[in-house]
Every structure is written in C-alpha cells, then in structure tokens.
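Listed below, chain by chain, are the residues.
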There are 2 protein chains.
Amino acid sequence: MIEPKILKGFRDSLPAEETEKKRLFSILERTFTSFGFVPIDTPVLEYTEVLLGKGGGETDKQVYRFTDNGKRDISMRFDLTVPFARFVSANLDKLTVPFKRFHIAKVWRGENTQKGRYREFYQCDFDIVGVDTAAADLEILTMIYTSLKNIGVENFKIHLSSRLVFNRFLETLGIKDKLVDILRLVDKLAKIGKDEVSRQLAEITGDENAAKILDYISMEDTFDRTLEKITSLAGGEAEDTARLHTLKAALDSNGISDCFVLDPSITRGLDYYTGLVYETFLDDAPEFGSVCSGGRYNDLASLYTKTKLPGVGASIGIDRLISALEAIGRKNSDVSLCDTIIFNIDESLLGYYTKIGFLLRENGISCDIYSETKKLNKQFGYAEKKNIPVGIICGSEEFQSGTITVKNLATRENFEKLTLEEGIEKIKSILKR
Amino acid sequence: MIEPKILKGFRDSLPAEETEKKRLFSILERTFTSFGFVPIDTPVLEYTEVLLGKGGGETDKQVYRFTDNGKRDISMRFDLTVPFARFVSANLDKLTVPFKRFHIAKVWRGENTQKGRYREFYQCDFDIVGVDTAAADLEILTMIYTSLKNIGVENFKIHLSSRLVFNRFLETLGIKDKLVDILRLVDKLAKIGKDEVSRQLAEITGDENAAKILDYISMEDTFDRTLEKITSLAGGEAEDTARLHTLKAALDSNGISDCFVLDPSITRGLDYYTGLVYETFLDDAPEFGSVCSGGRYNDLASLYTKTKLPGVGASIGIDRLISALEAIGRKNSDVSLCDTIIFNIDESLLGYYTKIGFLLRENGISCDIYSETKKLNKQFGYAEKKNIPVGIICGSEEFQSGTITVKNLATRENFEKLTLEEGIEKIKSILKR
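Undergrad: Would you mind showing me how to read the overall build of chain A here?
TA: When helices and strands are tallied, chain A shows 16 helices and 16 strands. When its C-alpha atoms are laid out on the principal axes, chain A stretches across 90 × 60 × 45 Å. With 433 residues in all, chain A has 58% of them scored as buried. In chain A, of all internal contacts separated by at least 6 residues, the share reaching a separation of at least 24 is 67%. In the structure as shown, chain A presents an accessible area of about 18200 Å², 47% of it carried by carbon and sulfur atoms. Each charge sign in chain A was given a centre, from 59 positive and 66 negative side chains, and these centres are 4 Å apart.

Undergrad: Just checking my understanding: could you explain the pairing of strand β7 (residues 156–162) of chain A for this structure?
TA: Within a regular beta strand, the side chains point alternately toward one face of the sheet and then the other, so they alternate between its two faces. All names here are of chain A. Of all the seven residues making up β7, six are buried; the element is thus mostly covered by neighbouring parts of the structure. Relative to strand β9 (residues 273–282), β7 runs antiparallel, the two sharing seven bridges. Each bridged residue has a counterpart across the sheet, and for Ile158 the counterpart in β9 is Thr280.

Undergrad: Explain the side chain of His159 of chain A to me, please; I cannot follow it from the model alone.
TA: All names here are of chain A. Within the element layout of this structure, His159 appears in strand β7. Residue class for His159 comes out buried when judged on its relative accessible area of 14%. There is a polar contact of 2.8 Å between the side chain of His159 and the side chain of Asp263.

Undergrad: So what exactly am I meant to see when it comes to the interface of chain B and chain A here?
TA: Interface size, as often reported, equals the accessible area lost upon joining of the parts. Listed by partner, the interface residues are 105 residues for chain B and 105 residues for chain A. The interface formed by chain B and chain A includes eight salt bridges. Taken together, chain B and chain A are joined by 32 residue pairs in polar contact (both at pLDDT 80 or more). Residue contributions to the side of chain B that touches chain A peak at eight residues, all from helix α4 (residues 134–151) of chain B. Tallied by class, the residues present in the side of chain B that touches chain A amount to 50 nonpolar, 24 polar and 31 charged.

Undergrad: Where do I start with the sheet that holds strand β7 (residues 156–162) of chain B in this structure?
TA: Strands pair in a sheet through their backbones, by hydrogen bonds, and they do so in one of two ways: parallel or antiparallel. Residue and element names in this part refer to chain B. In spatial order, the strands read β1-β5-β6-β11-β10-β9-β7-β8; together these eight strands make up an open sheet with mixed pairing. At either end of the open sheet lies a strand with only one pairing partner, and these are β1 (38–39) and β8 (260–262). Strand direction decides the pairing type here: strand β9 (residues 273–282) and strand β10 (residues 292–297), joined by five bridges, are antiparallel. From the neighbouring strand, Tyr273 faces β10, where its bridge partner is Tyr297. Each of β5 (99–108) and β6 (120–129) is contacted by helix α3 (residues 81–91), which is oriented at about 135° to β5, the strand it contacts most.

Undergrad: It is not clear to me how the environment of Phe32 of chain B should be interpreted in this structure. Could you clarify?
TA: Residues and elements named next belong to chain B. Turning to its location among the elements, Phe32 is positioned in helix α1 (residues 15–34). Distance in space between the C-alpha atoms of Phe32 and Ser293 is 16 Å, their sequence separation being 261 residues. Among residues more than four places away in sequence, those in contact with Phe32 are Phe37, Phe102, Ile104, Cys124, Phe126, Met143, Ser147 and Ile316.

Undergrad: What should I look at first to understand the packing of helix α13 (residues 350–362) of chain A against helix α16 (residues 420–430) of chain A in this one?
TA: Two numbers describe a pair of packed helices, the interaxial angle and the distance between the axes. Residue and element names in this part refer to chain A. Their axes nearest at 11 Å, the elements α13 and α16 cross at an angle of 55°. Overall, the two elements α13 and α16 adopt an arrangement that is oblique. The two elements α13 and α16 meet at a crossing, and its hand is right-handed. On α16, the residues that touch Tyr352, Ile356, Leu359 and Leu360 of α13 are Leu420, Ile424 and Ile427.

Undergrad: Can you help me understand the packing of aromatic side chains in this one?
TA: In this description, an aromatic ring pair is defined by two values, namely the gap between the centres and the angle between the planes. Tallied over the entire structure, the rule returns 33 aromatic pairs over all chains. With a centroid separation of 6.3 Å and an interplanar angle of 25°, the aromatic rings of Phe84 of chain A and Phe99 of chain A are classed as stacked. Linking Phe84 of chain A in helix α3 (residues 81–91) with Phe99 of chain A in strand β5 (residues 99–108), this pair joins segments that are 15 residues apart in sequence. With a relative accessible area of 2%, Phe84 of chain A lands in the buried category. For Phe99 of chain A, a relative accessible area of 3% gives the class buried. With 4.9 Å between their ring centres and 70° between their planes, Tyr352 of chain A and Phe399 of chain A make a pair best called edge-to-face. Placement of the pair is Tyr352 of chain A in helix α13 and Phe399 of chain A in helix α15 (residues 396–401), with a sequence separation of 47 residues. The structure contains a cluster of three or more aromatic residues connected by ring pairs, namely Phe32, Phe102 and Phe126 of chain A. The residue whose ring lies beneath Arg101 of chain B is Phe84 of chain B, and the NZ or CZ to ring-centre distance is 3.6 Å.

Undergrad: Would you take a moment to explain the environment of Ile427 of chain A for this structure?
TA: Residues and elements named next belong to chain A. Note on placement: Ile427 falls in helix α16. The buried category is assigned to Ile427, whose relative accessible area is 0%. Through-space distance from the C-alpha of Ile427 to that of Thr340 is 8.3 Å; in sequence the pair is 87 residues apart. The residues touching Ile427, leaving out its near neighbours within four places in the chain, are Thr340, Leu360, Ile365, Val390, Ile392 and Val406.

Rules used in this analysis
Residues numbered from 1 in each chain as written. Chains lettered and ligands numbered in written order. Predicted model: local features only at pLDDT ≥ 70, side-chain atom pairs only at ≥ 80, totals over all residues. Heavy atoms only, no water. Helix = DSSP H or I, 4+ residues; strand = E, 2+ residues; numbered from the N terminus. Buried < 20%, exposed > 50% of the residue type's maximum accessible area, 1.4 Å probe, protein only. Contact = heavy atoms within 4.5 Å. Areas by Shrake-Rupley, 256 points an atom, 1.4 Å probe, with all protein chains shown as cover. Lys, Arg positive; Asp, Glu negative; His and termini not counted. Charge placed at Lys NZ, Arg CZ, Asp CG, Glu CD. Pairing = 2+ DSSP bridges. Polar contact = N/O pair within 3.5 Å; in protein donor to acceptor, adjacent residues only side chain to side chain. Salt bridge = Lys/Arg side-chain N within 4 Å of Asp/Glu carboxyl O. Nonpolar A, V, L, I, M, F, W, Y, C, P; charged D, E, K, R; others polar. Axes fitted to C-alpha atoms, helices over the stretch in contact; angles between N-to-C directions. Parallel < 35°, antiparallel > 145°, perpendicular 65-115°, else oblique. Left-handed = near helix turned anticlockwise from the far one by under 90°. Phe/Tyr/Trp six-rings, centres within 6.5 Å; stacked < 30°, edge-to-face > 60°. Lys NZ or Arg CZ within 6 Å of the ring centre and 35° of its normal.

Put into structure tokens, the structure is as follows:
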C-alpha cells in the first residue's frame, strides 16, 4: 500500500472549489472574448535557455528545471509573460496585429511555502501588442473594469500612474540615473511605510530630493488635481500627460471614472514597464493587495526578435482574487453542484428516470440520477452534501400515470402527481428561473 | 538574440485552434455538469512513487521524471486515472459517494514523435465511483451519447461488450488462465486483421479454441441476436447478461438504441477492466478509431486504500476527436474571433467608441475596438483576418447625430445613419440572432 500523499506546496482542487474556479474562469473568458481578445496556449515545458535567457537570472532557483530523456535542458513555465514573448516571436506571421490575446493557465515556482504560497498556481494575463496608443491603454483599463463588474465585485479602485511622467520628474531633479533604485523603494511604500521609504530615499539621493519624491507620490483629492500637480512637478504638459487627459476624458464620458484613481505612488517596481502602470484594490478587502496589475511596455520580445513590439497588458491574481472574494462573503460551501436529483427507488424504472433526465437537461436543468436503489435516507444525505435544491420522486404509481413528485429539498415540501410539463414549471419556480 | 524554438513533440495553440478547443471543452463541461458530474483538479507534479508504484513499470521510460530542489523524486502526470485514484483515496471523507467526477487536463508522455504523437496533450475523463449498478453503467453511456450529440456529431456508434460474459465463455472452454494473452490479441483485431489474430490465437490455445473465439467475437445482425449468441456460448443467462438486457431495455425506451452496438470483439486489452467495456466510432470518420473508450472496473484505488471502490468511466480522446471533426468538415479557419469591430477613424471619439462597445457587449454582442487611428484598408485587413462579420463606422458626423453606420463585412453593404438601438437590431440580423 502506498500513502496517497501530495507534494509540499501542491494541493488537490475539490469539487466545490473547482466549480467556483471554473465559474470565475468562464466569466473572465466570456468578458475577454466580448472585447475581441483571443485565447492562446503554449507548452508547459520549454528549453531552459528560451525561458531564462542565456545567463539565467534571479528567478533560477525557483524554476522547475531538469534534463529530459533526450538530454535537453528543459524547464516548466514560471509565468505567462516569457512564453508569450516567445510565442509572438515564433508565430508573428500568423497573428493579427494589434494582437489582443488572453491566457489563463497554471505556472510553477519552487516558492517558500511557509509564506502560504503555493508552488502550482494559475495566472491570467491579457495584452494588446503592436501599438502604443491611448485606445489600447483604455481598452485594457475598461476590460479590467468590466471583468470585476461581471464577477460581481461592486466596489473597487484601479490605481494608475505614468512611468513616463515620473521619469520626467526625476530628470528635473537631475537624478534619472537612480531610477531603478528609486522605483524599487517607492514600490515598497505600502509594505515598509512612508518613514522608512523616506529614510532610504534620503540615503540614495539626499534629504531634499527624498522630500520632493514623497511629495510627488502623494495623491491630491481628485484625479484632475493630482494630474495638475505631477504635470507641474515634471516640468509641464507633454505627450505623457496628454495621454492621461485623453484616458480621463474617455472614462468620464462613460461615467466610470469613479473607479479610477490617479496614484503617483504606483510604480510596479519592475524596470520592464515604460508607460502607464496600474494596480487594483477591492474596497471591501484592501488587505489582500492588488488583485490585478499591469502596465505598458516598450518591447515585449526583444530577447527573441528584432521586431519592436510595444504593448500594454495586465494580470489578474487568481488565487488572491478568490481569497478576497471569499473574505467579502462568497463561500464554496454555498455552491450547488446540481439543480435536481432523481431518487432511485425502483431499478425497473431506470429507462423512465433516464427519460426524465434527458427532458430536464433539454430544459436547461441539470439532473443527477442516483446510481443505486438504496434507502431514501442515504439518497437524501447525498443530495444534501451536493447542495442539490430539488428532488424528484417517481415510483411505479407515478410511472403508470406519467407523473412525478417534485420535492423542495430546502423546505421539504412535496408537490405530487405533476405531469412532466407541470413538474418542469414547478422545478423552475423553485430554482427561481 | 535567442531563437524562439519549441521542444520536439510540443506545439503552440494559435487563436482559432484554441478558440475551437475551448468551445469543445465548454460543451463537454456543460454536458457533464448537466448530469450532476463535478469537476476536480490534481497537481501536475506528484511523487514518482505515487504515480508509478513502488517498482515502476513499463510506462517508466515515457514519464517526465526528475529530482526537485528538495531532492524529491517527482514526475509529471502521464494520465488522469492514477492521479484520480490517489485523489479519491486522499479525500474520501470529503467526497459524496457515489462520486461522479470529470477532469479535463493536460498530461505529458515522452512518446515517439515520429508516429505523429505529441508529448503534451489533453485527456478528458469521467467516472462514477463507489457502486456497481446498471444505473451507473447506463449513465456513462447516455452521457457519452449526449456529449457527442451536443458537440454536433450526428452519426456514431458506441460498441459495447462485457468482459464478464467473455470470462464465462473462456471458462466453458477451460482456458481462463490464458485470459490476458487472449484479450491482448482480440484487442488487436482491427489493427492486424482476423487471419493474423486467428493464427496467433491458435498458437496459444489450439486451432479449435481459436475458431470458437473468432466465432464468439463476431457480431450478429442485431444487438439482441448477438446477445443471444454470446449468452448461449457463455453457458446461459447470469447476472452479467441480465445487466446487458437491462441496459438495452433502457436504451430502447429512450429511443436511442440505434447508436449502440453489442460488439463482443471489444475487449479494451487492459486487465484493469472487469465488466462492461466500450469504444466509440464516428460513422463518417471511422479511420480515426475510437474517440471515446472506457468500461467498468472492480477497484479504482487498491494501490492506496483498503476501501474497495468499484467504478465505471470513460475517456474522450480530445486530439483524436478534434482531428475527426476536422475531417468531417469543421475547420478552424471558419471560426470567427469576434462579432463586431468598431473602426477607429477619429481618436477624439475614443469615449464614444468605448460607449458603443459597452452597449454591444451588454446586448451579448462581442466587440473589438481597433487600437489605432489608421487607414481604413489596414483596419479592414485586420477584421478579415479575425473573420469578423460586422463593422461599425463612426466619425464626427455620426457622433454629433448620435448615429452609427453598420457594415456587413461579407457583402460590403452599408447601413447608414442608424440610431444605436437600430444599429443593434441590424447587427443582430446580420449575425442571425
């Protein structure tokens, strides 16, 4: 006998959890598709050199890397960005540019599991590649907005900022060479606090500059006033601030700008981003941090191709979003795993049960037929565990008169001697359809 | 610069292909869910010992196996059956039994790619575990039937047979000890032909028995007459033949028995199956072999638990089914990647374009907004590549009068000066909704 144990940092997905995850993915996919975004997929395994570059980097230690039977040095993907860059480079002639794609898939990292992190998890990325326009920036922002609304999240804020304006600001201070260090520090604001950021900034660039940076990254009361302030600190209007005005006007004219905050403290740390950057927080669960982040980059695939591919995109943190939704109040235990169950009380009626099942499904009602002629108590227990709201009882008497008994399993109320048509109507009314 | 190459036996999934695959998965998932089956997921990586057993077996060479940074001997899953057995054993207290689950996911095998096989591919399994009843056998069969109908396959045959009856038959011949060898040979019938099977059977068990086996596995003209013949050859009626009668009666009473063939040559080779076994062939693409196979087994998880778990299930060969569907006539190039496109002819109208997009999506119409103000020719080319049927043109004149021009991109017909409401109706009529 072998113990059915599971690797540290990995987990099974049980039915209620997996149902909820599939529901979420399905809403996201429908939303992305409704914006004309298309799905792609890439292999889980790639050449290590393709994923990590010739040298390999900091990520190395976390990568599941090995030698296959053909002596190839291969790795499991650790994100969806690098495979996307490889994909676009390899298939450029077959893609429509601007290329709008989404990809929801698992990635693997040998993370430290003590922080509550998993070594296998989903990522959900979407990007528009091939253009650097306000239209593309706006579309990613409205798609984040629509995704969260469609999931049922009412209250959230998308905090956005522009790296270009920040760059100009550092130029006016004459410290653009310290950009990367300053970005990393500002990105830690929420984690280590204002005082510590200020102290470390001062170490890098002096007290005066530190104070100016802290002033720059603090918000004013409205989007417009914050925009006015950073424009002035960055040396006046330019293309970068004009784009922020264009975005704001489009959000205004659609009546959705309440969900958008201009927040100059958003930097996304990574050197990778070059324009607009953003993070998304749920009003009712801010402690989970950003559930959707992204931004604009200059060149997606410089590692693989000379074709310059500017783009803009974002990534939804699926696990974090699910945890935040649970905290707000949605629970897996509320998930019903089926609409109806036909209780199996007479094996000779199997053909009739099957017929009722077909009929219900044709009417959009899911139907579980209990797989064994067993005491009703056992069958009720099964229905309860699967959180099934409606039972159907049918013995030889019902069969002969062509009727069924419908049972509301929550209230225990019975509705007897219904024709199949009446039964379907009754079931729909219990299911509130 | 690194070449964006991909591993041998692996492939990218391009948008049209991935869209079609997602459409297929979505139909299958909705079908399974409509029968009360629930989704689960398991980790891609497991302890090698858990996947291969203590010794490891013939499969070994094909398994992606390596040592992780924690010095664990781990492997990528090569099917969904072994992880399912592990899953059920580990989570038995949390599952509702009879447990009806489905699992659609990728698996990996270092197959010989010269046979046109891939090293990364999908499996789609569904099972009912915990009972040995006609109701469970029937439900898997009707679910295969419904799945294929829902996918749009009109003509197919599910060939079924009973290993129990075959066992009894071999007993009457006194050669039950040769069961495994005989099963393997009979399973090769379609591949190596009747004569070769006959020759090899004769080697194992003599000319006379070989002739009797060949007689047993040949079909009569109807289900009932074949059943009559094998019942007699196996020594008369018993529980196993009674179950075949029960199944046939239930299929008859639902008017679907035309899709089911009693075919005693079906054995599924594997020793694993112990009762009903089946394979599914498309009438219009028989050369692809079985697109859905399965059967009943005695004990799912004997490797991990003493709890006896009889079950019945099947597996849809996703890649094979997709190839067969393509051969029948469905082509990826016919897939439309979006319903409508708003041509971007005036950047100052971005807010209005966004508004039209929101409105269309609220009406269930997917909408792509072109990401750049570019020559209309370029934008038409993009729409054509994405196979988008409807275009929306809107300049400052339309904006001021609150109208749009709708263009049928197939016929090039324009419908001008429509209000948004009229526009939506026109679009729906072009999309035939």
